[in-house]
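# Structural overview for review
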Amino acid sequence: MPADERFAVRRNRARASVPRPLAAAPAPSGVPLPDGLALRGRLATGARRPETPRGSGRGGPGSRTPRTGRGGGPRRTYERARRAWDRPLTAYYVILGSSLLITVLGLVMVYSASMIKALDISKPATYFFGKQFLAAVIGGALMLIAARMPVKLHRALAYPILMVTVFLMVLVQVPGIGMSVNGNQNWLYLGGPFQLQPSEFGKLALILWGADLLARKQDKRLLTQWKHMLVPLVPVAFMLLGLIMLGGDMGTAIILTAILFGLLWLAGAPTRLFAGVLGAAAAIAFLLIRTSPNRMSRLACMGVSEPDPEGGCWQAAHGIYALASGGWFGSGLGASVEKWGQLPEPHTDFIFAITGEELGLAGTLSVLALFAALGYAGIRVAGRTEDPFVRFAAGGVTTWITAQAVINIGAVLGLLPIAGVPLPLFSYGGSALLPTMFAVGLMIAFAREDPAAKAALAMRKPGVRWKTMRRRVKKRPSGER
């Protein structure tokens, strides 16, 4: 056979042995196709691979066990709640939301608790509510300003606020300028129905000034020496306490002492030093209580369930009556009986008792939950920051609000002596509401300064988000997206 014919025969045999790639027809029954040809045939004809039943894996059918209650609902809910709480903006929203809810609920309860008192002094029923609403509006503006101010500006205002507060507290003791309300010489008359209590601003002044002082000393590594930790923080705090006690306001002095202890605790005061300052403060407090019959009578009213025959412990006993008559859900908003002259100070120191009578246990527990959330968020802000000033200031504000809430509610429940301090953000009193709302704005500013929270807030701005989305979406050659 010639060479050309032999070459043609070999070429034809080679072509015949190669399978046709994608145009292969279905194989006759009983004739298996090669693996590669079968796969390519399925792709060409659009046939899908048979789905494997769910749960049949390496261990065969049913090897993957379904989730049961052990790792299901409650545990998954807990994990979701924990992840949500760990988000960067959680503290920011909790502080803002809880403080606003407490303030709004406080306005409602001030109106309900003060109606009879206002009518009794020949004023409109909305007299106290109107003053409190005006203070809340001004306080909201102060909170917004404080929340937008940078931390450096807060530190710069520490010394001016302290100096102005001390000057006003000295003016209170000048005859003819200071006013006496309920036996306490702690007020300044501003004209008309408005008065000012400078000692309430002393709490904010001590926190800002003390936080700035301790932060500068920590930067210089001086807080390891006890004299730098105590001086001049403790002498200045005792000066403020002396000015407050000249007016006879024991409740505000207790709150200021709690703030001082909170700052010392955050600064890392050793136990012996902390115990020494605490012992000295307790000795001074015991002496002041022992020498005052009014304070001794308040101490004797702890835990009473009915007033004595001579009329003592009247306020403490009727506060318990108001809480006891509230039941689970209260008698209804505005339906309190104790505010009709039986319970003194129903819209200030004992507004929590009226809340329990009208809103019941559900209302009081809601107020406690809001204060607990606000306190925990403040602790979170103080614990997650690396700025010493933010840590001291946030810890001081948290100590202030939680200690004052505990003292007020404890007095209403009969667990603590009546100290005459209002419930923060809740009770009537513009002098107490304004610095407290500024302090809440301070914590909001600190929560915004966290790097993770700052990045999350920046991503929520419309311009930044639109630019980010445009950067992620690639433009196709056809012009479609």
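This text follows the structure it describes.
What counts, and where the lines are drawn
Residues numbered from 1 in each chain as written. Predicted model: local features only at pLDDT ≥ 70, side-chain atom pairs only at ≥ 80, totals over all residues. Heavy atoms only, no water. Helix = DSSP H or I, 4+ residues; strand = E, 2+ residues; numbered from the N terminus. Buried < 20%, exposed > 50% of the residue type's maximum accessible area, 1.4 Å probe, protein only. Contact = heavy atoms within 4.5 Å. Disulfide = S-S within 2.5 Å. 1 Å grid on protein atoms, 1.4 Å probe; cavity = no way out; pocket = protein on both sides within 12 Å on 5 of 7 lines; lining within 4 Å. Points joined across faces, edges and corners; volume = space filled by probe spheres on them. Nonpolar A, V, L, I, M, F, W, Y, C, P; charged D, E, K, R; others polar. Pairing = 2+ DSSP bridges.

In this section: the overall build of the chain. When its secondary structure is counted, the chain shows 19 helices and 3 strands. Classification of the 481 residues of the chain by burial places 41% in the buried group. A fraction of 67% describes how many contacts in the chain between residues 6 or more apart in sequence connect residues 24 or more apart.

For the rest of this paragraph, the subject is the state of the cysteines. Across all of its chains, the model carries 1 disulfide by this definition. There is a disulfide in this structure between C301 and C313, and the S-S distance comes to 2.1 Å. Between C301 and C313, the disulfide has an S-S torsion of -90° and is therefore left-handed. On the criterion of sequence distance, the pair formed by C301 in the loop between helix 13 (293–300) and helix 14 (314–326) and C313 in the loop between helix 13 and helix 14 is long-range, its members being 12 residues apart. When sorted by exposure, C301 lands in the same class as C313, which is buried.

Following the criterion strictly, the structure yields 3 cavities of 30 Å³ or more and no others. Approximately 50 Å³ is the volume found for the largest cavity. If you go around the largest cavity, the residues you meet are Q404, P422, L423, P424, L425, S427, G429, A432, L433 and T436. It is helix 17 (residues 430–448) that contributes the most residues to the lining of the largest cavity, 3 residues altogether. Counted by class, the lining of the largest cavity contains 6 nonpolar, 4 polar and no charged residues.

What follows is about the pairing of strand 2 (residues 184–191). Pairing analysis gives 3 bridges linking strand 1 (residues 178–181) to strand 2, with the strands arranged antiparallel. When the bridges of strand 2 are listed, G178 appears paired with L188. Counted along the chain from strand 1 to the antiparallel partner strand 2, the turn is 2 residues long, and its residue N182 has a positive phi close to 55°. As defined by bridge partners, strand 2 adjoins strand 3 (residues 194–196) across 3 bridges and the pair is classed as antiparallel. Note that in strand 3 the partner of Y189 across the bridge is Q195.

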